Amino acid sequence: MKSVRVKPPGSTRKPTNRPRGNNILSKDPVQVYCRLRPMQYSTDISCMKVTSDTTVVITPPESATNFRNSSNKEIQTTFSHVFTPDATQKDVFNIVALPLVENVIRGRNSLLFTYGVTGSGKTYTMTGESQDAGIMPRCLDVIFNSIANYQTKKFIFKPDKLNGFDIQNEADAMLDRQNELHAGLMSQRNGKSGKLRKVESDSDSNPIIHDIEETETIQVDQDNVYAVFVTYVEIYNNSVYDLLEDEDIRTKTLQSKIVREDGNKNMYVHAVTEIEVKSSDEAFEIFQRGQRRRRVAHTALNAESSRSHSVFTIRLVQAPLDCEGEQVVQDKRVVCITQLSLVDLAGSERTNRTKNTGQRLREAGNINNSLMTLRSCLEILRENQLQSTNKMVPYRDSKLTHLFKNYFDGEGQVRMIVCVNPRTDDYDETIQVMKFAEMTQEVQVARPAITKIDFGFTPGRRQANKLFKEARSKLQKEGRLEAADLEIDVGLVYSLGGPFPELEINSPRNDQIITNLMHFLEQRINKRNILRTDLQQKQNDLRKMLMTMEQDHMNLKIENASLKAANSQQNKKISALEGHLCKTEEQIDSLLRKLNHANDTIRSLQHELKDRNMALNQRLIDKQRVKQKYNTKMQVETDKMNKELEIKLRQQREQLQNQMKEKDDKLRLVKQILVDDNGINSVPISKDYATPTSNYIQTKGTDCRSRRDKAATANLRYRRSQSADRWVDHRPGALVPVGTVLQPLMRRRRSVTRLTDPKEITDGVSRYCLVAQEHDTDGELETKLFKGDIIPTSGGGAQVIFNDMECLKQLSPKARKRSGPQDIENINEIGSPNHSSTLKESKRPRVVN
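Bear in mind that the values here come from a model prediction, so they are computed numbers and not experimental data. (Residues numbered from 1 in each chain as written. Predicted model: local features only at pLDDT ≥ 70, side-chain atom pairs only at ≥ 80, totals over all residues. Heavy atoms only, no water.)

### A word on the overall build of the protein chain
This is how the line gets drawn: In this text, helices come from DSSP runs of H or I with a minimum length of four residues, and strands from runs of E with a minimum of two, each type numbered from the N-terminal end. Should any heavy atoms of two residues lie within 4.5 Å, those residues are counted as being in contact. Working definition of accessibility: Shrake-Rupley area with a 1.4 Å probe, residue cover restricted to the visible protein chains.
Scanning the protein chain for helices and strands turns up 14 helices and 27 strands. For the protein chain, the proportion of contacts with a sequence separation of at least 24, taken over those separated by at least 6, is 71%. Total accessible area computed for the protein chain in this model is approximately 51600 Å², and 51% of it derives from carbon and sulfur atoms.

What follows is the structure, given as structure tokens:
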């Protein structure tokens with residue numbers, strides 16, 4: 001399709017934007033309606049009487065709190081309309097809610113409260129029962145019946161998470177629909193089908209309402225497309241919760257949501273679940289899913305008392321079709337978003353009647369606080385309007401008033417239904433509700449003008465496009481091939497707009513009707529002028545098109561004659577080129593024969609080269625085989641020589657080990673000879689194997705033996721006085737008397753035969769002498785004197801450092817010498833000094849660890 005006239009939209013504005021300046025034509029009061037609940041028991045006494053459609057008279061009972069102080073026993077309250085106990089749900093909807101639905105379709109926001117004491121019928125009025133639908137199901141039914149033929153496919157409008165909507169093309173929308181279908185199939189495969197069946201079974205207890213009587217329909221703009229989105233939240237303990245979150249987290253605690261302000265200064269719940277619905281049944285099913293998660297508890301006054309304020313929001317999104325009447329205009333600015341908020345407030349309670357405690361008491365306190373905040377905001381609004389003051393309205397003191405702040409600032413129409421129980425037992429609570437309702441009616445809410453943006457598109461383009469498609473389809477069925485190439489000009493469809501608005505004036509405040517009529521007539525005049533201009537433009541365009549076609553026809557004739565002359569010349573050139581082509585083909589044949597002969601020669605040479613390469617490769621293989629044979633033989637010889645060398649090395653190693661073993665045996669024998677037989681366990685031997693070196697003798701406790709492996713730590717700073725030397729003469733026991741031989745000179749000494757206590761060498765002594773006797777190899781008696789210094793240790797003991805040794809030998813003149821000079825020399829080589837009885841040899845002290 002194509003259109004001769006395409007006029008893009010100029011300035012666009014969302015109807016949800018806040019009106020400012022001249023957009024506000026007038027103010028409307030908040031309309032409050034009263035609905036009386038039927039008596040539950042026949043014994044109940046009523047304290048209210050309906051005197052007219054707008055007036056209720058309340059008579060205080062004697063049980064009232066201020067009965068005696070009340071001068072006027074009857075209280076008269078006026079409402080916009082009073083519904084008696086026998087009023088039907090349909091009556092309430094037609095009078096209260098139907099105008100709000102019409103406002104939403106026309107481009108205005110609407111807000112409806114149900115307010116009253118607990119058990120007064122608020123939830124019944126809003127939702128209804130399975131056989132008697134309330135306001136909310138009826139609103140959905142009217143909306144879907146009105147836009148039934150003008151709904152878009154799913155996901156054409158998509159929430160942008162900022163309280164707005166984006167427009168998607170058909171391809172993106174189809175992809176989202178496929179993803180949704182795939183996600184549903186995957187959830188069933190993962191075992192969630194049981195949960196779905198459970199939800200369906202739960203919904204069977206409250207079946208979806210289908211028995212609504214004749215539902216009203218509202219005329220809509222046929223050149224727009226529509227989509228409906230719903231949200232359901234509750235305000236519990238001054239926190240906002242989303243009742244439509246994923247079913248997978250049903251067992252978990254709901255997360256609190258934040259109330260924010262979007263770019264158009266409109267309040268909304270951030271990150272709330274917004275679901276697109278295509279029928280009233282689907283929308284009500286979603287409402288029931290959220291209703292099952294709402295907080296309801298049993299109290300003394302109500303078996304199913306709402307413990308939170310619930311807000312069910314219906315958002316209607318509409319956008320115009322393009323100039324051809326087929327696709328949505330892909331411009332986010334032209335999207336019109338309106339919403340209808342249905343609020344079921346929790347009932348105000350008194351603790352002395354509900355007997356609430358614990359959690360129920362805390363819930364009642366939060367409910368009463370939020371209702372008091374709503375009352376305070378309305379009182380300050382009324383005071384600002386009556387006294388022209390500019391006090392700040394405390395909307396932020398409660399999430400309820402903060403969320404609906406825009407409505408009281410002029411973003412839409414506000415209505416309230418006060419539900420009351422006329423029983424005398426509820427008089428004290430009911431009278432407070434009546435006072436609040438009376439005060440609320442004095443609040444004026446600004447009413448923005450309803451303005452429709454004229455995008456310059458031809459009205460009725462959707463219907464014209466539909467008729468054209470039907471005609472073209474009919475022609476194609478009849479077999480006319482030219483029908484597929486037909487195009488429609490939507491500009492040929494002329495219309496001045498819809499029918500005139502209502503002209504009935506029944507109130508002195510109906511100046512708005514005249515204003516709307518003037519606005520409507522101005523639009524019709526403007527459209528007529530546009531259509532006249534369009535017609536004149538089309539005539540001029542047609543004249544220009546005919547002149548252009550005639551000029552093109554003459555140009556084509558001239559071009560055709562020139563092309564014929566050029567064609568004859570080209571034919572002559574083609575005949576000459578054909579003769580030249582024949583000669584060239586003969587030359588090509590001769591060249592091909594020569595090429596084939598050369599190819600045969602090349603193939604023979606290649607075969608010869610291949611044979612020579614094979615012979616050369618065979619020679620290389622033989623050479624490699626011989627080389628491998630010699631390498632193997634060399635490896636065998638090398639292994640044999642290595643084994644012989646290993647055998648020789650092993651023999652030499654064993655020979656050296658035997659020699660070392662013989663030397664060790666000799667050393668061990670010499671060491672055994674030098675061992676003291678009189679109780680000295682071990683004497684360290686020097687390198688020459690004969691001279692006993694100095695050693696440590698550590699005394700600690702009762703152990704007096706020398707220790708080779710663990711020497712005590714000596715006090716290196718210890719100094720002894722040589723003039724006060726005192727000796728310990730240790731004589732373990734002599735073999736023979738030694739009084740006849742030369743003795744050492746020890747002036748101050750203490751003789752002991754056995755060391756049993758460390759104090760024997762630590763109490764006042766500083767020198768130590770050990771006397772040992774033994775027979776030498778000739779059988780002669782040999783006396784050895786081992787001398788040393790006693791050094792105190794840091795642990796409280798003492799150690800002996802030997803620094804001198806004297807050897808006294810007693811010889812018999814009659815004894816036969818068994819050893820010659822050579823033997824003595826051998827002994828001296830070992831390192832054992834040989835002294836006579838008059839010889840004394842002193843050794844330098846040496847410390848051996």
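Further notes follow.
### What about the UniProt feature "coiled-coil region" (unreviewed entry) in the protein chain?
Defined as follows: UniProt positions are given in the numbering used here, feature names are shortened, and annotations may be inferred rather than shown by experiment.
Taken from the UniProt record, the annotation "coiled-coil region" (unreviewed entry) applies to residues 532-608 and 642-673. In the segment residues 642-673, helix accounts for 100% and strand for 0%; the C-alpha atoms at its two ends are 47 Å apart.

### With respect to the nonpolar core
Keep this limit in mind: Side-chain atoms within 4.5 Å are what join buried Ala, Val, Leu, Ile, Met, Phe, Trp, Tyr and Cys residues into a set we call a nonpolar core. Residue burial is assigned from relative accessible area. The probe radius is 1.4 Å, only protein chains are included, and a residue is buried under 20% of its type maximum, exposed over 50%, and partly exposed in between.
Among the nonpolar cores identified, the biggest contains 52 residues, and Phe113 and Phe404 are the most heavily contacted of them. With sequence-adjacent residues up to four places away left out, Phe404 is seen in contact with Leu111, Phe113, Val311, Ser341 and Val343. Membership of the second largest hydrophobic core comes to 47 residues, among which are Val96, Met136, Ile314 and Leu340.

### Quick word on the packing of aromatic side chains
Where we set the bar: Only Phe, Tyr and Trp rings take part, Trp by its six-membered ring, and two of them pair if their centres are within 6.5 Å. Stacked means planes under 30 degrees apart, edge-to-face means over 60, and tilted covers everything else.
Under the counting rule described, the total for this entry stands at eleven aromatic pairs. Here the aromatic rings of Tyr115 and Phe436 are separated by 4.7 Å at their centres, their planes lie at 45°, and the arrangement is tilted. Taken together, the positions of Tyr115 in strand E7 (residues 109-116) and Phe436 in helix H10 (residues 427-440) put the pair 321 residues apart, joining distant regions of the chain. You'll find Tyr115 and Phe436 in the same group, each marked buried. With a centroid separation of 5.6 Å and 35° between ring planes, the pair formed by Phe284 and Phe287 is classed as tilted. Pair noted here: Phe284 and Phe287 are both in helix H5 (residues 280-291), with a separation of three residues, about one helical turn.

### Here we look at the environment of Leu403
Summarising the element assignment, Leu403 is placed in helix H8 (residues 399-403). As for Leu403 and Tyr268, which are separated by 135 residues in sequence, their C-alpha atoms are 6.4 Å apart. If sequence neighbours within four positions are ignored, Leu403 has contacts with Val259, Met267, Tyr268 and Val269.

### Focus: the packing of helix H3 (residues 135-146) against H5
Two numbers describe a pair of packed helices, the interaxial angle and the distance between the axes. Convention followed: Convention adopted: a line fitted to C-alpha atoms gives each axis, helices being fitted over their contacting stretch, and angles between N-to-C directions are expressed from 0 to 180 degrees. Angle categories are assigned with fixed cut-offs, so that under 35 degrees is roughly parallel, over 145 is roughly antiparallel, 65 to 115 is roughly perpendicular, and the rest are oblique. With the far helix as reference, a near helix turned anticlockwise by less than a right angle produces a left-handed crossing, and one turned clockwise produces a right-handed crossing.
At a closest axis distance of 9 Å, the pairing of H3 and H5 adopts a crossing angle of 150°. The pairing of H3 with H5 is recorded here as roughly antiparallel in orientation. Judged by the sense of rotation from one axis to the other, the crossing of H3 with H5 is right-handed. Packed against H3, whose contacting residues are Met136, Pro137, Leu140, Asp141 and Phe144, the element H5 presents Ser280, Ala283, Phe284 and Phe287 at the interface.

### Notes on the pairing of strand E4 (residues 55-58)
As a reminder of what qualifies: At least two DSSP bridges between two strands are needed for those strands to be called paired.
Residues Thr55 and Val57 line one face of E4 and the alternating positions Val56 and Ile58 line the opposite face, and both faces are buried. Pairing between strand E3 (residues 48-50) and E4: three bridges, direction antiparallel. In the sheet register, Val50 faces E4, and the bridge partner there is Val56. Linkage of E3 to E4, two consecutive antiparallel strands, is achieved through a turn of four residues. Pairing geometry for E4 and strand E5 (residues 75-78), over four bridges, is antiparallel. Paired with Thr55 across the bridge in E5 is Thr78.

### Some words on the pairing of strand E18 (residues 309-320)
Among the twelve residues of E18, twelve are classified as buried, and the element is accordingly described as predominantly covered. Residue alternation in E18 divides its side chains into two sets, His309, Val311, Thr313, Arg315, Val317 and Ala319 and Ser310, Phe312, Ile314, Leu316, Gln318 and Pro320, and both sets are buried. Note: strand E10 (residues 224-236) against E18, twelve bridges, orientation antiparallel. Its bridge partner lying in E18, Val225 is registered against Ala319. Sheet analysis places E18 next to strand E19 (residues 336-344), joined by nine bridges and oriented antiparallel. If you follow Val317 over to E19, its bridge partner there is Ile337.

### Describing helix H12 (residues 511-673)
Rule in force here: Helix span, expected: 1.5 Å multiplied by one less than the number of residues in the helix.
Under the 1.5 Å per step criterion, the end-to-end length of H12 is only 146 Å for 163 residues, more than 12% shorter than the ideal 243 Å. Among the residues of H12, those classed as buried are Gln512, Ile513, Phe520, Arg524, Leu531, Asp534 and Lys538.

### Regarding a nonpolar patch on the surface
Our working definition: A patch consists of residues whose relative accessible area exceeds 30% and which take part in no salt bridge; residues with like charges are grouped when within 9 Å of each other, and nonpolar side chains (Val, Leu, Ile, Met, Phe, Trp, Tyr) when within 5 Å. Here, a salt bridge means any side-chain nitrogen of Lys or Arg that lies within 4 Å of a carboxyl oxygen of Asp or Glu.
A cluster of nonpolar side chains, namely Leu542, Met545, Leu546 and Met549, defines an oily patch on the protein surface of about 400 Å² accessible area. In this structure, Met545 sits in helix H12. Judged by relative accessible area, Met545 falls into the partly exposed class, the value being 43%.

### A word on unusual backbone geometry
Not every positive phi belongs to a glycine, and Asn163 is a case in point at roughly 70°. One can find Asn163 in the loop between strand E8 (157-159) and strand E9 (165-167). Of note in the backbone geometry, Ala271 takes a positive phi value of approximately 65° without being a glycine. Of note, Ala271 is situated in the loop between strand E14 (267-269) and strand E15 (275-277).

### Quick word on helix H11 (residues 461-477)
Our working rule: The directions considered for the arc are those from the helix axis to the C-beta atoms.
The end-to-end C-alpha distance of H11, which contains 17 residues, comes to 24 Å, matching closely the 24 Å that a straight helix rising 1.5 Å per residue would cover. Of all the positions in H11, only Arg461, Ala464, Asn465 and Phe468 are classed as buried. One side of H11 holds all its buried residues, which, seen down the axis, span an arc of 95°. Exposed and facing more than 90 degrees away from the buried side of H11 are Lys474 and Lys477. Of the surrounding elements, those touching the buried residues of H11 are E18.

### As for the sheet that holds E4
The three strands are arranged E3-E4-E5 in an open sheet whose pairing can be described as antiparallel. Both edges of this open sheet fall to E3 and E5, since each of them pairs with a single strand only. The mean inter-strand angle of the sheet, taken between neighbouring strand axes irrespective of direction, is 25°.

### Some points on the pattern of salt bridges
Under the defined criterion, the tally for this structure stands at 23 salt bridges. Across the salt bridge formed by Asp534 and Lys538, the nearest N and O atoms sit 3.4 Å from each other. Pair noted here: Asp534 and Lys538 are both in helix H12, with a separation of four residues, about one helical turn. A single burial state applies to Asp534 and to Lys538, both of which are buried. Between Asp789 and Arg767 there is a salt bridge, with the nearest N and O atoms lying 2.8 Å from each other. Linking Asp789 in strand E26 (residues 781-792) with Arg767 in strand E25 (residues 767-775), this pair joins segments that are 22 residues apart in sequence.

### Some points on the packing of helix H1 (residues 89-106) against H3
We apply this condition: Ten residue types, Ala, Val, Leu, Ile, Met, Phe, Trp, Tyr, Cys and Pro, are classed as nonpolar, four, Asp, Glu, Lys and Arg, as charged, and the remainder, Gly among them, as polar.
The contact between H1 and H3 brings their axes to 9 Å, and the two run at 45°. On the basis of the axis angle, H1 is oblique to H3. With respect to the hand of their crossing, H1 and H3 are arranged in right-handed fashion. Seen from H1, the contacting residues are Gln89, Lys90, Val92, Phe93, Ala97, Leu98, Val101 and Ile105; seen from H3, they are Ile135, Arg138, Cys139, Val142, Ile143 and Ser146. Split into classes, the residues belonging to the contact of H1 with H3 amount to ten nonpolar, two polar and two charged.

### Some points on the confidence of the model for the protein chain
Put simply, the rule reads: pLDDT is a per-residue confidence score from the predictor, ranging from 0 to 100.
Per-residue pLDDT for the protein chain has a mean of 77; in total, 72% of the residues score no lower than 70. Least confident of the elements in the protein chain is strand E22 (residues 696-699), whose mean pLDDT is 39; most confident is strand E6 (residues 81-83), at 95. Across residues 192-211 the pLDDT falls below 50, and counting only partners more than four positions away or on other chains, this stretch makes 28 contacts in the model.

### A few points about the environment of His81
By the element assignment, His81 lies in strand E6. The contacts of His81, once residues within four sequence positions are left out, are Val32, Tyr33, Cys34, Asp53, Thr54 and Ile95.

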